[in-house]
Amino acid sequence: MEDQRIFSSVESAADRERHVAMIAREFRDGFEAVDRIDRPAVTIFGSARVAQDDPAALRANAVAARFAAHGWAVVTGGGPGVMEAANRGAREAGGLSVGFNIELPNEQRSNPYLDISLTFRHFYARKTMFVKAAEGFVVFPGGFGTSDELFESLTLIQTGKVLHFPVVLFDSDYWDELLQWIRGEMLAARMISPEDLDLLYVTDDVDEAVAQVIDCYERRCAELPVSPAKADAQ
């Protein structure tokens, strides 16, 4: 795997040049794929390991279908489990379904419900596209990868790298102990601020999850300055 080779402490100058070119090409391909998304989009995260009849998959399917009904695209990691359920929900509801997959040792397959599909070799290029393509995240139960994507999004928001970016945690029971730990340890030790907790919205309701992202997007659009040409037309 390319990431393994990059992280190796033994690398020749030629290898470094090849890796730089490969990373640049991967970012370019990613940006071009994002440019093909012709509508607002949400990124949905969750476990690759659940079956399609698992409650997390069923709810991801419903959330994605609801976004598609509102004219939004749905972006996932392109693999099985929650990702497949969300892509299928978007596709079957007539929406645009996008998958940004990753090469892994266990050869994670792309699911068959993708209108736009790109497979990455490098996690950091892939994660950049998850944020660049979307107006917000909806995060379903998942493991280390899902947690990594969740905390990376929170770090980007907290540090001002991205703005107006809602993060919705779906399934309050699943996320409850994590949130208790954040409050009881991080917040109690003043390692985060009280307002940092406001970066997360927790729900068990499909309509609420969708509304949190769409409402934030519509508020941001309303706050954008009107161009002179548009003002004249009005």
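Nothing here was measured: the structure is a model prediction, and the numbers come from that model. (Residues numbered from 1 in each chain as written. Predicted model: local features only at pLDDT ≥ 70, side-chain atom pairs only at ≥ 80, totals over all residues. Heavy atoms only, no water.)

Draft legend 1. Just the overall build of the protein chain, in detail. When its secondary structure is counted, the protein chain shows nine helices and seven strands. In the protein chain, once contacts between residues fewer than 6 apart in sequence are set aside, the share between residues at least 24 apart is 70%. For the protein chain, the exposed area adds up to about 12300 Å²; of that, 51% sits on carbon and sulfur atoms. (Helix = DSSP H or I, 4+ residues; strand = E, 2+ residues; numbered from the N terminus. Contact = heavy atoms within 4.5 Å. Areas by Shrake-Rupley, 256 points an atom, 1.4 Å probe, with all protein chains shown as cover.)

Draft legend 2. How the structure looks around empty space enclosed by the protein. Overall, the coordinates contain one cavity of 30 Å³ or more when judged by the stated rule. By volume, the largest cavity amounts to about 40 Å³. Forming the boundary of the largest cavity are Phe 45, Lys 127, Phe 130, Val 131, Phe 137, Glu 149, Glu 152 and Ser 153. For the lining of the largest cavity, the secondary structure elements donating two or more residues are α5 (123–133) and α6 (144–158). Class assignment of the residues belonging to the lining of the largest cavity gives a composition of four nonpolar, one polar and three charged. (1 Å grid on protein atoms, 1.4 Å probe; cavity = no way out; pocket = protein on both sides within 12 Å on 5 of 7 lines; lining within 4 Å. Points joined across faces, edges and corners; volume = space filled by probe spheres on them. Nonpolar A, V, L, I, M, F, W, Y, C, P; charged D, E, K, R; others polar.)

Draft legend 3. Highlighting a negative patch on the surface. There is a patch of like negative charges on the surface, built from Asp 173, Asp 176, Glu 177, Asp 204, Asp 205 and Glu 208. The element contributing the most residues to the negative patch is helix α7 (residues 172–187), with three residues. Tracing the backbone shows Asp 176 in helix α7. (Patch = residues over 30% accessible without salt bridge, like charges linked within 9 Å, V, L, I, M, F, W, Y side chains within 5 Å. Salt bridge = Lys/Arg side-chain N within 4 Å of Asp/Glu carboxyl O. Lys, Arg positive; Asp, Glu negative; His and termini not counted. Charge placed at Lys NZ, Arg CZ, Asp CG, Glu CD.)

Draft legend 4. Fine view of the pattern of salt bridges. Under the criterion given, the structure shown has 10 salt bridges. With its nearest N and O atoms 2.1 Å apart, the salt bridge here joins Asp 207 to Arg 66. Of this pair, Asp 207 sits in helix α8 (residues 206–223) while Arg 66 sits in helix α3 (residues 55–69), and the two are 141 residues apart along the sequence. With relative accessibility at 32%, the residue Arg 66 sits in the partly exposed group. For the salt bridge of Arg 109 with Glu 84, the shortest nitrogen-to-oxygen distance reads 3.0 Å. Within this pair, whereas Arg 109 is found in the loop between β3 (97–102) and β4 (116–120), its partner Glu 84 is found in helix α4 (residues 82–92), the two being separated by 25 residues in sequence. (Buried < 20%, exposed > 50% of the residue type's maximum accessible area, 1.4 Å probe, protein only.)

Draft legend 5. View of the nonpolar core. With 34 residues, the main nonpolar core has Ile 37 and Phe 100 as its most contacted residues. In terms of residue count, α5 provides more of this core than any other element does, five residues in total. (Core = buried A, V, L, I, M, F, W, Y, C linked by side-chain atoms within 4.5 Å.)

Draft legend 6. Main features of the packing of α5 against α6. Where α5 meets α6, the closest approach of the two axes is 11 Å, and the angle between their N-to-C directions is 60°. Classified by the interaxial angle, the pair formed by α5 and α6 is oblique. Note on packing geometry: the crossing formed by α5 with α6 is right-handed. Counted together, Arg 126, Lys 127, Phe 130 and Val 131 of α5 and Asp 148, Glu 149, Glu 152 and Leu 156 of α6 form the full contact between these two elements. (Axes fitted to C-alpha atoms, helices over the stretch in contact; angles between N-to-C directions. Parallel < 35°, antiparallel > 145°, perpendicular 65-115°, else oblique. Left-handed = near helix turned anticlockwise from the far one by under 90°.)

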